[in-house]
Amino acid sequence: MVNYWNKEAEVMPRKELNELQGKKLKKLVKYVYDNVEFYHNKLNKMGIKPNDINSKDDITKLPLTYKNDLRDHYPFGLNAVPMDEIIRIHASSGTTGKPTVVTYTKKDIDDWTELMARTVMAPGVTHKDIIQNAYGYGLFTGGLGFHYGAEKIGASVIPISGGNTERQLMIMQDFKSTVMTCTPSYALFIAEFAQQNNIDISKLSLKKGIFGAEPWSDNLRKTIEDALQIDAYDIYGLSEIYGPGVSVECEEKNGMHIWEDFFIVETLDQETLEPVGPGEEGILAFTTLEKTGLPLLRYVTNDISILNPEKCTCGRMHVRMKKVTGRADDMLIVRGINVFPSQIEHALMQIPGVAGYYQIIVDRDIIDSLEVKVELSEETFSDEMKKLEKFKNNIEERLYTILQVRANVELVAPGTLPRTEGKAQHVIDKRTKNI
Ligand code: DLL
């Protein structure tokens, strides 16, 4: 039995879905033209009037929106409603300076809750589950996003937030949590902590995990699933587009369904930003069809993925996105070669004896250097020097085959790389300081 929250919407046939999106797009363009000065001016400059938009295909006539546009109008300049209609404000930390601020009306919170209800249920979670929500509560959208969705479906939600791993495990045992929600990095850390403290995982009631907010590979999924003896599902989202709940894997674990009655998604060529076809890799761009506080046209995420419009065996029609393979802007260029941190993670996670923690350090003396710190599992760590040397060479060879650039691998002792209760910071690029 497939677990739907809103079956009618989730299995809506493609033709109907396209028509609905077209209708909503027309309404949205009029709404932003009338209510957001930024879009009003942009559309005027491009010579586009709301009446020119009549179907989903007309989306390509519309302007793209970038993170910089939000920054330039910090904090509330892109709002479509006066502040007295805003009931919630979230923000995501930017890599530089001010955060990106996002605002929600009452309708937006209700819609986000609907999206999160579908999102929590798609991986097979029901009202009978006890959800230990270890995403951060606060300005980050993860905690409250999950909270509202979990309550909506009638599950029992434990709003534990991130951190205090000992207490997480105590609660998990005593409250018999069946679902864990947090970043994959934190899930890995919880598994490791349990092992170190001789907690018998097989005695836990945990069955599923919904992990996201950062890129992670299928190999890391396998590691976490084995360590916690659960099924792990990927969830994707970003603050600008509500937060979590833009897309999620169903029980098939074969791509994340994007809730298309709420969004139009496109994949754009990385160079030209022109749309590419289904099945081709590109940058995801989202148009929000229902948001009223901070509606966005063709928001360029910089997240790289591939869309699959085929109907899923779960019955859902909503297009699926493949795991995010990286961000267009955190692509590293090392000695002229493009390197995605996700390629390195993918390679490392295939190697038995690697604990799951790594750090990529890029520096520049005369030329660029790429160093990968790899944390060993307890068993590998106790091996003799000769074996370890061979292990290290092996990893270096594998990385070279994949990256076509030499990386220096440093093996480090178990427990030495930084742990996180939120998003992991896998990359340290020291070169910007040296320029
Ligand atoms: O991370 C929202 C979220 C919370 C998603 C909880 C899932 C679960 P931001 O902090 O604004 O929002 O970060 C958004 O994180 O553009 C991606 O680069 C990355 N990201 C989010 N989910 C995934 C994922 C939340 N499943 C940015 N895989 C996005 C890869 C992800 N990257």
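Fair warning: this is a prediction, and the values are worked out from it, not measured in the lab.

## Structural notes on the overall build of the chain
Looking only at helices and strands, the chain has 13 helices and 20 strands in total. A compact globule built from 435 residues would reach a C-alpha radius of gyration of about 22 Å, and the chain, at 22 Å, matches this within 12%. Projected onto its principal axes, the C-alpha positions of the chain cover 75 × 55 × 40 Å. A burial count over the chain gives 54% of its 435 residues as buried. At a minimum sequence separation of 6, the contacts of the chain that also span at least 24 residues come to 65%. Approximately 19,600 Å² of the chain is accessible, and the part contributed by carbon and sulfur atoms is 51%. The averaged location of the 62 negative side-chain charges in the chain is 2 Å from the averaged location of its 52 positive side-chain charges.

## Overview of the sheet that holds strand β17 (residues 354–364)
With respect to topology, 4 strands assemble into an open sheet ordered β19-β18-β17-β20, the strand pairing being mixed. Both outer strands of the open sheet, β19 (408–412) and β20 (427–429), are each paired with one neighbouring strand and no more. Neighbouring strand axes in the sheet, compared pairwise and without regard to direction, differ in orientation by 20 degrees on average. Its contacts with the sheet put helix α8 (residues 184–196) on β17 and β18 (368–376), and the angle it makes with β17 is roughly 130 degrees.

## Considering the pairing of β18
Relative to β18, β17 runs antiparallel, the two sharing 8 bridges. Residue Arg 364 lies in a different strand from β18, and its bridge partner there is Asp 368. The loop that links β17 with its antiparallel partner β18 comprises 3 residues. As defined by bridge partners, β18 adjoins β19 across 5 bridges and the pair is classed as parallel. Of the residues in β19, the one forming a bridge with Glu 371 is Asn 408.

## Let's talk about the packing of helix α2 (residues 14–35) against helix α3 (residues 37–45)
Here α2 crosses α3 at 110 degrees, and the two axes come no closer than 6 Å. The angle between the axes of α2 and α3 places the two elements in the roughly perpendicular class. On α3, the residues that touch Val 29, Val 32, Tyr 33 and Asn 35 of α2 are Glu 37, Tyr 39, His 40, Leu 43 and Asn 44. Within the contact of α2 with α3, the residues separate by chemical class into 5 nonpolar, 3 polar and 1 charged.

## Overview of the site of the ligand
Asp 234, Ile 235, Ser 239, Asp 303 and Lys 423 are the nearest of the 21 residues found near the ligand. Within the side chain of Arg 327, a nitrogen or oxygen atom sits 3.3 Å from an oxygen atom of the ligand. Within the side chain of Lys 423, one N or O atom sits 2.9 Å away from an oxygen atom of the ligand. For the shell around the ligand, the elements supplying multiple residues, two or more each, are α6 (141–152), β7 (231–238) and β8 (243–249). For the shell around the ligand, the leading source of residues is β7, giving 5 residues. The residue inventory of the shell around the ligand, partitioned by class, reads 9 nonpolar, 7 polar and 5 charged.

## A look at the domain arrangement of the chain
Size of an interface: often given as the accessible area lost when the parts come together. What the domain assignment reports for the chain is domain 1 (1–330) and domain 2 (331–429). Spacing between the C-alpha centres of domain 1 and domain 2 amounts to 29 Å. Taken together, the contacts link 24 residues of domain 1 with 19 residues of domain 2. Between domain 1 and domain 2 the total buried area reaches about 1,700 Å² when both faces are included, carbon and sulfur atoms providing 49% of it. Counting every contact that joins domain 1 to domain 2 gives 1 salt bridge. With a closest N to O distance of 2.6 Å, Arg 419 and Glu 192 form a salt bridge. Our enumeration of links across domain 1 and domain 2 arrives at 8 residue pairs in polar contact (both at pLDDT 80 or more). Of all the secondary-structure elements, those providing two or more residues to the side of domain 1 that touches domain 2 are α8, α9 (218–228) and β14 (326–327). Looking at the side of domain 1 that touches domain 2, its residues break down into 11 nonpolar, 8 polar and 5 charged.

## Considering the pairing of strand β3 (residues 130–133)
As judged from the 3 bridges shared by β3 and strand β4 (residues 156–158), these two strands associate in the parallel manner. Bridging from a neighbouring strand, Ile 130 pairs with Ser 156 of β4. As a crossover connection, the stretch from β3 through α6 into β4 is right-handed. Direction of pairing for β3 relative to strand β5 (residues 179–182): parallel, over a ladder of 3 bridges. When the sheet's bridge partners are listed, Ile 131 is paired in β5 with Val 179.

## Re a nonpolar patch on the surface
There is a patch of nonpolar side chains on the surface, built from Phe 76, Met 83 and Ile 89 and spanning about 230 Å² of accessible area. The residue Ile 89 is located in strand β1 (residues 86–92) in this model.

## Quick look at the packing of aromatic side chains
All told, the structure shown has 9 aromatic pairs when counted by the stated rule. Taken together, a centroid distance of 6.2 Å and an interplanar angle of 65 degrees make the contact between Phe 189 and Phe 193 edge-to-face. Taken together, the positions of Phe 189 and Phe 193, both in helix α8 and 4 residues apart, correspond to about one turn of that helix. With relative accessibility at 18%, the residue Phe 193 sits in the buried group. Through pairs of rings, three or more aromatic residues link up here, namely Tyr 236, Tyr 242, Phe 263 and Phe 286. Positioned above the aromatic ring of Trp 216 is the side chain of Lys 323, whose terminal nitrogen or guanidinium carbon lies 4.0 Å from the ring centre.

Here is what the cut-offs are and how they apply
- Each chain carries its own residue numbering, running from 1 in the direction its sequence is written.
- In view of the model being predicted, local features appear only for residues whose pLDDT reaches at least 70, and side-chain atom pairs are presented and counted only at 80 or more, with totals across whole chains, interfaces and linings using the full set of residues.
- Where side-chain values are given, they derive from all heavy atoms of the structure, hydrogens and water being excluded.
- Comment: elements are numbered from the N terminus, with helices defined as DSSP H or I runs of at least four residues and strands as E runs of at least two.
- Throughout, the radius of gyration refers to the C-alpha atoms, and the reference size of a globule is 2.2 Å times the residue count to the power 0.38.
- Burial here depends on accessible area, computed with a 1.4 Å probe over protein chains only, as a share of the maximum for the residue type. Under 20% is buried, over 50% is exposed, and the range in between is partly exposed.
- Whether two residues are in contact is decided by their heavy atoms: any pair within 4.5 Å suffices.
- Using a 1.4 Å probe, the Shrake-Rupley method yields the accessible areas, and only the shown protein chains count as cover for residues.
- Neither His nor the chain ends contribute to the count of charged residues, in which Lys and Arg are positive and Asp and Glu negative.
- Here the site of a charge means NZ on Lys, CZ on Arg, CG on Asp, or CD on Glu.
- At least two bridges found by DSSP between two strands are what make those strands a pair.
- Only the stretch in contact is used when a helix axis is fitted, and all axes are lines through C-alpha atoms; the angle between N-to-C directions ranges over 0 to 180 degrees.
- Just so you know how the angles are binned, under 35 degrees is roughly parallel, over 145 roughly antiparallel, 65 to 115 roughly perpendicular, and the rest oblique.
- Under this grouping Gly is polar, as are all residues other than the nonpolar Ala, Val, Leu, Ile, Met, Phe, Trp, Tyr, Cys and Pro and the charged Asp, Glu, Lys and Arg.
- Only a single heavy atom is needed: when it lies within 4 Å of a molecule or strand, its residue is near that molecule or strand.
- Within 3.5 Å is the distance limit for a polar contact, defined as a pair of N or O atoms, with the added protein rule that one can donate a hydrogen and the other accept it, and that residues adjacent in sequence qualify only through two side-chain atoms.
- Domain delimitation follows an automatic or database domain assignment.
- Two parts placed together each lose some accessible area under a 1.4 Å probe, and the buried area is that loss summed for both.
- What makes a salt bridge here is a side-chain nitrogen of Lys or Arg within 4 Å of a carboxyl oxygen of Asp or Glu, nothing more.
- Call a crossover right-handed when, viewed with both strands pointing away from you, the route from the first strand across the helix to the second goes clockwise.
- Residues enter patches when their relative accessible area tops 30% and they take part in no salt bridge; the joining distance is 9 Å for like charges and 5 Å for the nonpolar side chains Val, Leu, Ile, Met, Phe, Trp and Tyr.
- The rule is short: rings of Phe, Tyr and Trp, with Trp giving its six-membered ring, pair when the centres are within 6.5 Å, and they are stacked under 30 degrees, edge-to-face over 60, tilted in between.
- The rule is short: NZ of Lys or CZ of Arg within 6 Å of the ring centre and within 35 degrees of the ring normal puts a charge over the ring.

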